[in-house]
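# Results of the structural survey
So you can see what is in the structure, the chains are spelled out below.
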Amino acid sequence: MSTASPLDEQQIRDRLAEIGAQIAADYAEEPPILVGVLKGAVMVMADLARSIDLKVEMDWMAVSSYGSGTKSSGVVRILKDLSGDITGRNVLIVEDIIDSGLTLKWSLANLRSRGPKSVEIATSLRKPEAARVEIDVKYVGFDIPNEFVIGYGLDHAENYRNLPYVGVLARSVYED
Ligand code: PRP
């Protein structure tokens, strides 16, 4: 696993190719349903799915921290649910970033309550210093420092998601 920030397109592509090959090997017997968590996971879902040489299915969920604007409260509501049934299936959650881990903890419990065969996690980025809960993450692209990162699906006020690389947002953009 690499530790780097920011990350250029080549670094991301190379690492996702490695993870995709690992996923293809791990799930050769029974391919997973990839569950992308909107909106941030769109980019990693598209690239990771194409690097897995298996017949994977793709589905999507959108979740949001409940109530106030404070993210990562751990109280989550479903904005868009899966379109398919995951009972008895291998599920691989695809995330762009694990920050506190609270959103994912909730999503994991929610999906596990639906009777899947297995639920694992793949994320392009993780911030170990920001973790507030222990989560077992099977596939991690990059562990990064606890900085405000944007691009490759990650936003600031809904902007920058379409950058093909991961950058650190200048403090002047979000501090007065
Ligand atoms: C981001 C990200 C994760 C979550 C991580 O989503 O995609 O789902 O936050 O935070 P946590 O580990 O502290 O819970 P966000 O709520 O910003 O929605 P978005 O994907 O639509 O940008």
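For the structure itself, consult the block above.
Notes on the structure in this doc start here. (Residues numbered from 1 in each chain as written. Predicted model: local features only at pLDDT ≥ 70, side-chain atom pairs only at ≥ 80, totals over all residues. Heavy atoms only, no water.)

## Some details on the overall build of the protein
- Regarding its fold elements, the protein presents four helices and nine strands.
- If you list the helices and strands of the protein from N to C, you get β-α-β-α-β-β-β-α-β-β-β-β-α.
- A compact globule built from 176 residues should have a C-alpha radius of gyration of about 16 Å, and the protein, at 16 Å, falls within 12% of that.
- Along the three orthogonal principal directions, the C-alpha set of the protein runs to about 50 × 40 × 25 Å. (Helix = DSSP H or I, 4+ residues; strand = E, 2+ residues; numbered from the N terminus. Rg over C-alpha atoms; globule rule 2.2 N^0.38 Å.)

## Considerations on the pairing of strand β2 (residues 33–38)
- Of all six residues that make up β2, five are buried, and the element is covered over most of its length.
- Looking at chain direction, β2 and strand β3 (residues 57–65) are connected through six bridges and run parallel. Of the residues in β3, the one forming a bridge with Val35 is Asp59. (Buried < 20%, exposed > 50% of the residue type's maximum accessible area, 1.4 Å probe, protein only. Pairing = 2+ DSSP bridges.)

## Focus on unusual backbone geometry
- Here the amide bond leading from Leu38 into Lys39 is cis, since omega sits at -5°, within 30 degrees of zero.
- Tracing the sequence through the fold places Lys39 in the loop between β2 and α2 (42–50).
- Within the chain, Tyr152 stands out as a residue other than glycine whose phi angle is a positive 50°.
- Take Tyr152: its relative accessible area is 7%, and that puts it in the buried class.
- Notably, Ala157 is not glycine yet its phi reads approximately 50°, a positive angle.
- Mapped onto the elements, Ala157 comes out in the loop between β8 (149–150) and β9 (167–168).

## Focus on the packing of helix α1 (residues 9–26) against α2
- Running from N to C, α1 and α2 cross one another at 60°; their axes reach a closest spacing of 8 Å. Overall, the two elements α1 and α2 adopt an arrangement that is oblique. When the axes of α1 and α2 are compared, the crossing they make is right-handed. Facing α1, whose interface residues are Leu16, Ile19, Gly20 and Ile23, α2 presents Val44, Asp47 and Leu48. (Axes fitted to C-alpha atoms, helices over the stretch in contact; angles between N-to-C directions. Parallel < 35°, antiparallel > 145°, perpendicular 65-115°, else oblique. Left-handed = near helix turned anticlockwise from the far one by under 90°. Contact = heavy atoms within 4.5 Å.)

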